Amino acid sequence: MKKLTLKKSERLKSRKQIDLLFQEGKNFRVGPVKVIYRLEQAGIEALQFGVTAPSRNFKRAVDRNRIKRLMREAWRLNCTELKTELQHKSKYLVVFFIFSGRELPNFNEIEEKTIKAIGNLREIVVSS
């Protein structure tokens, strides 16, 4: 069984990468989650991922941090198929999730939306 981890190199931290993603990336919505992505030919890792929850909707940092933690966990558990697809196609994908709901979600809701978003991303990778 493969170890399910979210390595440091898989986390989207570079300000340049994030700015480029917001300028040139494409997006779609899955419920309260907006997914911004950019697909390229080659990169350091096959997949990089970032997440945010706006302070406009959640004033308390505790709530924002919980949402981000839930989203990262759902991603970590479900992104292995997408990673293997990217490696087979030798592509590089940068993904950013923005939670725009107004109520605190539970893990099941977040995981359901994350699985749908990963499915959409897989279709995009396969079709390209």
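The coordinates are above.
Residues numbered from 1 in each chain as written. Predicted model: local features only at pLDDT ≥ 70, side-chain atom pairs only at ≥ 80, totals over all residues. Heavy atoms only, no water.

Enquirer: Where do I start with the overall build of the chain in this structure?
Expert: Each helix and strand in the chain was counted, giving 4 helices and 4 strands. Secondary structure of the chain in N-to-C order comes out as α-β-β-β-α-α-β-α. Expected size for 128 residues packed as a compact globule is a radius of gyration near 14 Å; at 14 Å, the chain falls within 12% of this value. The C-alpha extent of the chain, read off along each of the three principal axes, is 40 × 35 × 25 Å. Within the chain, contacts between residues at least 6 apart in sequence are counted, and of these 79% link residues at least 24 apart. Of the roughly 7800 Å² of accessible surface on the chain, 48% is carried by carbon and sulfur atoms. Of the charged side chains in the chain, 28 are positive and 14 negative; the average position of the first set lies 5 Å away from that of the second. (Helix = DSSP H or I, 4+ residues; strand = E, 2+ residues; numbered from the N terminus. Rg over C-alpha atoms; globule rule 2.2 N^0.38 Å. Contact = heavy atoms within 4.5 Å. Areas by Shrake-Rupley, 256 points an atom, 1.4 Å probe, with all protein chains shown as cover. Lys, Arg positive; Asp, Glu negative; His and termini not counted. Charge placed at Lys NZ, Arg CZ, Asp CG, Glu CD.)

Enquirer: Would you take a moment to explain the nonpolar core for this structure?
Expert: For soluble globular proteins, the rule of thumb is that nonpolar side chains tend to be buried together. Counting 29 residues, the largest nonpolar core has Trp 75, Leu 82, Val 95, Phe 97 and Leu 121 as its most contacted members. The residues touching Val 95, leaving out its near neighbours within four places in the chain, are Leu 12, Leu 21, Val 35, Ile 36, Tyr 37, Leu 47, Gln 48, Phe 49, Gly 50, Trp 75 and Leu 121. Ranked by size, the runner-up nonpolar core spans 8 residues in total, among them Leu 12, Leu 21, Phe 96 and Ile 98. (Core = buried A, V, L, I, M, F, W, Y, C linked by side-chain atoms within 4.5 Å. Buried < 20%, exposed > 50% of the residue type's maximum accessible area, 1.4 Å probe, protein only.)

Enquirer: Explanation requested: the environment of Gly 25 in the structure shown.
Expert: By the secondary structure assignment, Gly 25 is in the loop between helix 1 (15-24) and strand 1 (26-30). Judged by relative accessible area, which is 23%, Gly 25 ranks as partly exposed. Each C-alpha atom, one on Gly 25 and one on Val 95, is 9.0 Å from the other, the two residues being 70 residues apart in sequence.

Enquirer: It is not clear to me how the side chain of Gln 48 should be interpreted in this structure. Could you clarify?
Expert: Within the secondary structure, Gln 48 sits in strand 3 (residues 47-52). On the basis of relative accessible area, Gln 48 is assigned to the buried category, the value being 12%. Engagement of the side chain of Gln 48 in a polar contact is seen with the backbone oxygen of Ser 9, the distance being 3.1 Å. Dropping the residues within four chain positions of it, Gln 48 is found in contact with Ser 9, Glu 10, Arg 11, Leu 12, Gln 17, Tyr 92, Leu 93, Val 94 and Val 95. (Polar contact = N/O pair within 3.5 Å; in protein donor to acceptor, adjacent residues only side chain to side chain.)

Enquirer: Please explain the pattern of salt bridges as it appears in this structure.
Expert: Charged atoms that come close allow side chains of opposite charge to pair. With the rule as written, the count across this model stands at 9 salt bridges. Here Glu 10 and Lys 83 are joined by a salt bridge, their closest N and O atoms 3.0 Å apart. On the criterion of sequence distance, the pair formed by Glu 10 in the segment before helix 1 and Lys 83 in helix 3 (residues 80-89) is long-range, its members being 73 residues apart. Considered together, Glu 10 and Lys 83 belong to a single accessibility category, that of buried residues. Between Arg 76 and Glu 73 there is a salt bridge whose closest N-O contact spans 2.6 Å. Highlighted residues: Arg 76 and Glu 73, both in helix 2 (residues 61-78), separated by 3 residues, approximately one helical turn. Glu 73 sits in the partly exposed class, given a relative accessible area of 30%. (Salt bridge = Lys/Arg side-chain N within 4 Å of Asp/Glu carboxyl O.)

Enquirer: How should I be thinking about the environment of Ile 115 in this particular structure?
Expert: In this structure, Ile 115 sits in helix 4 (residues 107-127). A residue is classified by how much of its surface remains accessible, and Ile 115, at 43% relative accessible area, is partly exposed. Separated by 67 residues in the primary sequence, Ile 115 and Gln 48 have C-alpha atoms spaced 17 Å apart.

Remember, this is a structural readout, not a statement about activity or role.
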